[in-house]
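An overview of the molecular structure
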Amino acid sequence: MSGERNDPLTVCLRGASQVFFMENALTGVLFFAAVGWASYASGNWATVIGAAIGVVVATLTAWLLDCDGPSIRAGLFGFNGVLVGAALPTFIAASPQLWVYVIVGSAASTVVTAAFSATLTKSWGIPGSTGPFVLTGWLMVAGAYTFGGLQVTGDAPKLAADYVQGAVAIPPALDLVRIFFRNIGQVFLLGNEISGAIILAGIFIASVPAGVATAAGSLIAMVVAIGMGANPATVAQGLYGFSPVLTALAVGVIFLNPSMKAALYALLATVTCVFVQGAFDVIMPPSGLPSFTAPYVLTMYLFIAPKSLLAPHPHRPVSGHPVGDAPAAK
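Note that the structure is predicted; figures quoted are calculated from it, not measured.

Analysis parameters
- Residues numbered from 1 in each chain as written.
- Predicted model: local features only at pLDDT ≥ 70, side-chain atom pairs only at ≥ 80, totals over all residues.
- Heavy atoms only, no water.
- Core = buried A, V, L, I, M, F, W, Y, C linked by side-chain atoms within 4.5 Å.
- Buried < 20%, exposed > 50% of the residue type's maximum accessible area, 1.4 Å probe, protein only.
- Domains from an automatic or database assignment.
- Contact = heavy atoms within 4.5 Å.
- UniProt positions renumbered as here; feature names shortened; annotations may be inferred.
- Helix = DSSP H or I, 4+ residues; strand = E, 2+ residues; numbered from the N terminus.
- Phe/Tyr/Trp six-rings, centres within 6.5 Å; stacked < 30°, edge-to-face > 60°.
- Expected span 1.5 Å × (residues − 1).
- Arc of directions from axis to C-beta.
- Polar contact = N/O pair within 3.5 Å; in protein donor to acceptor, adjacent residues only side chain to side chain.
- Salt bridge = Lys/Arg side-chain N within 4 Å of Asp/Glu carboxyl O.
- Axes fitted to C-alpha atoms, helices over the stretch in contact; angles between N-to-C directions.
- Left-handed = near helix turned anticlockwise from the far one by under 90°.
- Patch = residues over 30% accessible without salt bridge, like charges linked within 9 Å, V, L, I, M, F, W, Y side chains within 5 Å.
- Areas by Shrake-Rupley, 256 points an atom, 1.4 Å probe, with all protein chains shown as cover.
- Parallel < 35°, antiparallel > 145°, perpendicular 65-115°, else oblique.

As for the nonpolar core
In terms of nonpolar packing, the biggest core is built from 81 residues, with Phe20, Phe21, Leu88, Phe188 and Ile199 touching the most fellow members. Looking at which domains feed residues into this core, each of domain 1 (1-154) and domain 2 (157-306) supplies at least three. The residues touching Leu88, leaving out its near neighbours within four places in the chain, are Leu98, Tyr101, Val102, Met140 and Val141.

Side note on the UniProt feature "site: Important for channel permeability" (unreviewed entry) in the chain
Per the UniProt record, "site: Important for channel permeability" (unreviewed entry) is found at Thr293. On the secondary structure map, Thr293 appears in the loop between α13 (260-283) and α14 (294-304). On the basis of relative accessibility, which here comes to 1%, the residue Thr293 falls in the buried class.

Here we look at the packing of aromatic side chains
According to the stated counting rule, one finds 11 aromatic pairs in the structure shown. Measuring from ring centre to ring centre gives 6.3 Å for Phe20 and Phe188, while their planes differ by 35°; the resulting arrangement is tilted. Here Phe20, found in the loop between α1 (8-17) and α2 (25-42), pairs with Phe188, found in the loop between α8 (173-185) and α9 (193-206); they are 168 residues apart in sequence, far enough to count as distant. When sorted by exposure, Phe20 lands in the same class as Phe188, which is buried. Centre to centre, the rings of Phe180 and Phe181 are 4.9 Å apart; their planes meet at 85°, and the pair counts as edge-to-face. Its relative accessible area of 16% is what places Phe180 among the buried residues. Here Phe181 falls in the partly exposed class, since its relative accessible area comes to 22%.

Some words on α9
One full turn of an α-helix is made of 3.6 residues, so residues set three or four places apart face in the same direction. Taking 1.5 Å of rise per residue, the 14 residues of α9 would be expected to cover 20 Å, and the 20 Å separating its terminal C-alpha atoms lies within 8% of that figure. For α9, the set of buried residues is Ser195, Gly196, Ile199, Leu200, Gly202 and Ile203. Around the axis of α9, the buried residues are gathered within 155° of arc, so they sit on the same side. Against the buried residues of α9 lie α2, α8 and α10 (208-227). The opening residue of α9 is Asn192, an N-cap whose side-chain oxygen sits 2.9 Å from the backbone nitrogen of Ile194.

A short note on the UniProt feature "transmembrane region" (unreviewed entry) in the chain
In this numbering, the UniProt entry assigns the feature "transmembrane region" (unreviewed entry) to residues 20-39, 45-65, 72-92, 98-120, 132-151, 193-226, 238-256 and 263-280. Taken end to end, residues 132-151 is 65% helix and 0% strand, and its first and last C-alpha atoms sit 23 Å apart. A distance of 26 Å separates the end C-alpha atoms of residues 238-256, which is 68% helix and 0% strand.

Overview of unusual backbone geometry
Positive phi outside glycine occurs at Phe21, with the angle close to 70°. With respect to the helices and strands, Phe21 occurs in the loop between α1 and α2. Of note, the phi angle at Asp66 is positive, near 55°, even though the residue is not glycine. Structurally, Asp66 can be placed in the loop between α3 (46-64) and α4 (69-73). When its relative accessible area of 68% is taken as the criterion, Asp66 is described as exposed.

Some thoughts on the environment of Leu30
Tracing the backbone through its elements, the reader meets Leu30 in helix α2. For the pair Leu30 and Ser195, spaced 165 residues apart in sequence, the C-alpha to C-alpha distance is 9.2 Å. Among residues more than four places away in sequence, those in contact with Leu30 are Ile198, Ala201, Gly202 and Ile205.

Side note on the pattern of salt bridges
Counted according to the given criterion, the structure contains 4 salt bridges. Ionic pairing is found between Arg5 and Asp7, a salt bridge with its closest N-O pair at 3.0 Å. Through salt bridges with shared partners, a single network forms among Asp175, Arg178, Arg182 and Glu193.

Considerations on the packing of α3 against helix α5 (residues 79-91)
In contact at an axis separation of 6 Å, α3 and α5 are set at 150° when each is read in the N-to-C sense. As for how α3 packs across α5, the hand of that crossing is right-handed. Here α3 contributes Ala46, Thr47, Gly50, Ala51, Gly54, Val55 and Ala58 to the contact with α5, which in turn contributes Gly81, Val82, Gly85, Ala86, Pro89 and Thr90.

A short note on a nonpolar patch on the surface
A cluster of nonpolar side chains, namely Trp37, Tyr40, Trp45, Ile49 and Ile194, defines an oily patch on the protein surface of about 530 Å² accessible area. Secondary-structure assignment places Trp45 in the loop between α2 and α3. A relative accessible area of 44% means that Trp45 is categorised as partly exposed.

Examining the packing of α10 against α13
Between α10 and α13, whose axes approach to 9 Å, the crossing angle comes to 50°. Of the possible angle classes, the one that applies to α10 and α13 is oblique. As for the relative orientation of α10 and α13, their crossing is right-handed in sense. Contact with α10, carried on its side by Gly217, Ile220, Ala221, Val224 and Ala225, involves Leu267, Thr270, Val271, Val274 and Phe275 of α13 and no other residues of that element.

Now the structure itself:
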């Protein structure tokens, strides 16, 4: 990364951009702008504040623990932290104890990220991706139920209920556009279509192929969810699309050489992820925990594991990132 800026602000912005596998500070700026817009629209500023704290604490923790320097500068220890920081204020009411929780959770996400790298990636060549965020987020939200100083605002534990099935209804065109962008925004837990559009613009700035894959993933998820008769209210919020969006991007562009075969493989993975999302919507309610990006993580792990020709997990820019030239994962 010679000649590149590696000041703390730039590194933290790269950490935000790595949520979508990009290593681009400008993309990170747009991602924070998207979170900020959603916070403004909802009136919940804790989300953007938590995201900022998360990426700073996670990155600082990696420095203090003497983690791999190039990985830190690339933002690879920041993206799980920014997700933890955004998630906890989304599901837990603001309080002094919440901010202690955010700091500890973000720092812990760095340790979990390193643990995934030392086990899953080192032994099987499978990228940890947002797996550390999912594990840390689950533990932190579950733990919040036991502390009087924390109030979980998400759904309380409950048994899954059958969705009343009916005729498949295709939403109006404007609603389809909203769903398309909300699918993308929900990766950051943002149910806001404008935020989703800003995020997609940030991805295109960093990589056109990645932007195309992201858009395709959202479109595929929307078609499959509506065609299969998924709960319209859940579809409308973008909750069936965010994991498939990441799956399409990861399998179709980031970890495989782009080709027709890779595209078809990514298509299968993306459609599968929609069904996995539906499964998690049944599995998780009894625990009172959100699925986060677990459907993507599980699908990506399963689809990456069987392949012998894979790029590891450097999250380098997509251009000039062929499988054969990628360095070994550390």
